[in-house]
Every structure is written in structure tokens, then in C-alpha cells.
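Analysis of the macromolecular model
Letter by letter, the chains look like this.
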Amino acid sequence: MSGLLALFDDVAAIAKVASASVDDVIGQASKAGAKAAGAVIDDAAVTPKYVQGFAAARELPIVWKIARASAFNKLVILLPAALLLSQFAPWLIPYLLILGGGYLCYEGAHKVWHAVAHRQSEAKIQDPEHTPLDAAHLEEQRVRGAIKTDFILSAEIMTIALAATDASAGLWFQGAVLAVIAIVITVAVYGAVAVIVKADDFGLHLAQNGFTELGRKTGAAIVRGMPHFLRGLTIVGTAAMLWVGGNIVVHALHEIGWHLPYDVIKGAAKAASGGETGPVGFVGWFVTALLDGIIGLALGLALLPGVARLSAMFGKGGDATAH
């Protein structure tokens, strides 16, 4: 009997250790995922455009194709690559973060520039012979384009998450954290996208078939409100890209030895929040986010001419990645 009780004690101890490990993984994943907020919001804001123009019955299947490829890219390609990077070239991570942050800044600045200049670009998908595409080929091209864009954003998310995880905890711990982030973010982003793309259909159904006047009015309000919601989502996504992109670049530069931008922003946030003894919290965060966003916008605008020239050199005729 004493031996059985001892076994139960050992099992309980193992269970506690396993539970603590799971809690640690989830905690690290939450912190690291928060660092990638800008890229995540951008991912959710970008994807709905890829189902525009298709029959309602094809919207969710298209979202599922993109989500499945996104999960594969994160778990099978990017996660092992991130772990190899962490083990054999950790010094490279800050430079990759600068590239990823610069990409976010460029994308955000590109959207701001077009909004200020009142220029609208209309995406035209054509085959090499410039002949009309049937629905199946158009869907295939849209899905391929969405997967390419998602891969870029997923690479940013995984790199940001890798930099935010505790490298001293070991390879398996890092792998578990990144796997949790990959799964949770993919489910969250494409679950949100599925809701967004079907919201107008739901609203229309409710407006036409609601049992009560309130239900029908609610459905009509959803239909009227979705275009405004999508525009608002684009604005939030743009602001998040500039804020997080600037923050990533500032912190990466601080890590490789250029401390001035980081110290200036930290000092301004501390002064705005009343110093070390004054109230901290939202005011300090807001000042930090604002200055990070200003730096992100300035960096993005500085990158616009160079990217345009590179695009012209490679025959793109413009921004190949513009959303």
C-alpha cells in the first residue's frame, strides 16, 4: 500500500510539473503573441479582400484554403526555421526584426500615402495572355496571392514571437511556445475573417427573414455598417502596423547597440507619465505608441521611393505587395 501511495505521489508531482510547464508555455505565448499584434491585425485586415467578387458559397472554402496553408507555413516551414535560427544564428534575429519592422512601416506608410494623395488602385488579375479568367482559375490565383502575403506576415509574426520567448528555457520550450502562437493566431485570424466575410450575408438574411421588427432592423444595420467596419479595420490595421513596426525597429536597434531612439522614447514616456514616482500606465503607453508610430511612418515614407524603384527594375510597375 505504501508503494502505491508513493506512486500516486510521484504521478501527482509529475502532473504538477506538467501543469506548470503548460502554464509557462501559455504565458510565454501570450506575451510573445502580444508583441506581434501589428502583424496579426494586418493579417486579419488584409485577407477579406481576397474573397471579394466570389459567390457567397465560395467565401468560406476560400478562407479555409488560405487558413490551412497558413497553418502549414507556420508549423512546418517557419517554426523549424525559427528554432534553427535560435540555435545557430541568434545574432541574426535583431536584423531580421529590423527587416520585418521595416516592412510593416513601409506597408503602413504606403496606405497613408495613398489615402492622403486620394489615389485608389484597382487590382486587376489577368493571365499572361490578358484573357478573362473563369471562376476556378480566378479563385486559384486569389488563393495563391493570399498565401504569399500570409507567408510574409507569418514570417514576421514568428520572428517577433521568437525574439520575445525565453531562449534560456530550451529548444523544446521555445518550440512549444511558437507552436501555440502559430495555432492560436491562425485560428483567431481566420476565424475573425470568416465572421467578417459572412457578416453581410447574415445581416441580409436577418433583414429579410427576421421574426421580429428589431431583428430585421438589426440585420439591415449590419448590412449598412459592414463597409464602415471594414474601412475602420483598415485604419486600425494601418495604425497598428506603424506603431508595432516602429517599436520593433527601435527595440532591435537598441539591442544591436544604437540606443538613442529607444532612450528618447523611454524618457518622453516617463516624463509624460509624471516620472518614476508619478502615475504610469496608459499615458506612458500612449506616448510610447505615438512616438513609435511617428518613427514608423517616417521610416516607411523614406522606404517608399526605394521600393518603387526596385519594383520598376523588376518589372512590377508598382507595389507588388500593396494590400
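Definitions and cut-offs
Residues numbered from 1 in each chain as written. Predicted model: local features only at pLDDT ≥ 70, side-chain atom pairs only at ≥ 80, totals over all residues. Heavy atoms only, no water. Helix = DSSP H or I, 4+ residues; strand = E, 2+ residues; numbered from the N terminus. Buried < 20%, exposed > 50% of the residue type's maximum accessible area, 1.4 Å probe, protein only. Contact = heavy atoms within 4.5 Å. Areas by Shrake-Rupley, 256 points an atom, 1.4 Å probe, with all protein chains shown as cover. Expected span 1.5 Å × (residues − 1). Bend = angle between axes of the 7 residues up to and from the residue. Core = buried A, V, L, I, M, F, W, Y, C linked by side-chain atoms within 4.5 Å. Phe/Tyr/Trp six-rings, centres within 6.5 Å; stacked < 30°, edge-to-face > 60°. pLDDT = per-residue confidence, 0-100. Patch = residues over 30% accessible without salt bridge, like charges linked within 9 Å, V, L, I, M, F, W, Y side chains within 5 Å. Salt bridge = Lys/Arg side-chain N within 4 Å of Asp/Glu carboxyl O.

**Things to note about the overall build of the chain**
Scanning the chain from N- to C-terminus turns up nine helices and zero strands. The N-to-C order of helical and strand elements in the chain reads α-α-α-α-α-α-α-α-α. Residue burial in the chain is summarised as follows: out of 323 residues, 37% are buried. Put simply, of all contacts in the chain between residues at least 6 apart along the chain, 77% involve residues at least 24 apart. Working note: accessible area of the chain is about 18,300 Å², and carbon and sulfur atoms make up 69% of it.

**Considerations on helix α9 (residues 282–313)**
Given a rise of 1.5 Å per residue, 32 residues ought to cover 46 Å, and the 45 Å separating the end C-alpha atoms of α9 matches this to within 8%. At L304, α9 is deflected by roughly 35°, the largest bend along its length, and proline P305 occurs up to four residues later in sequence. Buried residues of α9: G284, V287, A289, D292, G293, G296, G300, L304 and S311, and no others. Contacts made by the buried residues of α9 are with α4 (93–117), α7 (213–256) and α8 (260–272).

**Quick word on the nonpolar core**
Among the nonpolar cores identified, the biggest contains 41 residues, and V63, I66, L178 and V189 are the most heavily contacted of them. Listing elements by their share of this core, those giving two or more residues are α2 (37–46), α3 (56–88), α4, α5 (135–164), α6 (171–209) and α7. Leaving out residues up to four positions away in the same chain, I66 has contacts with T47, Y50, V143, A146, I147 and Y190. If you look at the next biggest cluster of nonpolar residues, it comprises five residues, including A45, I196, M226 and L233.

**Overview of the environment of I265**
Inspection of the secondary structure puts I265 in helix α8. What makes I265 buried here is its relative accessible area of 6%. When near neighbours in sequence (up to four residues on either side) are disregarded, I265 contacts V250, T288, L291, D292 and I295.

**A short note on the packing of aromatic side chains**
Inspection of every chain in the model, using the stated rule, returns three aromatic pairs. For the ring pair W243 and W285, a centre distance of 5.7 Å and an interplane angle of 80° mean the geometry is edge-to-face. Taken as a pair, W243 in helix α7 and W285 in helix α9 lie far apart in primary sequence, 42 residues in all. Judged by relative accessible area, W285 falls into the partly exposed class, the value being 44%. Measuring from ring centre to ring centre gives 6.0 Å for F282 and F286, while their planes differ by 25°; the resulting arrangement is stacked. Here F282 and its partner F286 are both found in helix α9, four residues apart, which amounts to about one turn of the helix.

**Quick notes on the confidence of the model for the chain**
Of the residues in the chain, 77% reach a pLDDT of 70 or more, and the chain-wide mean stands at 79. Here residues 3–21 scores under 50 on pLDDT; set against residues more than four positions off or in separate chains, the count is zero contacts. The low-confidence segment residues 120–131 (pLDDT under 50) makes seven contacts with residues lying over four places distant or belonging to another chain.

**Some thoughts on a nonpolar patch on the surface**
A cluster of nonpolar residues, F72, L75, V76, I77, F151, I183 and V187, forms a patch on the protein surface that exposes about 590 Å² of accessible area. Elements represented by at least two residues in the nonpolar patch include exactly α3 and α6. Looking at the secondary structure, you find L75 in helix α3. Residue classification places L75 among the partly exposed positions, given a relative accessible area of 33%.

**Quick look at the pattern of salt bridges**
Under the counting rule described, the total for this entry stands at six salt bridges. For the salt bridge of E139 with R58, the shortest nitrogen-to-oxygen distance reads 2.7 Å. Within this pair, whereas E139 is found in helix α5, its partner R58 is found in helix α3, the two being separated by 81 residues in sequence. As a salt-bridge pair, E59 and K198 come within 3.3 Å of each other at their nearest N and O atoms. On the criterion of sequence distance, the pair formed by E59 in helix α3 and K198 in helix α6 is long-range, its members being 139 residues apart.

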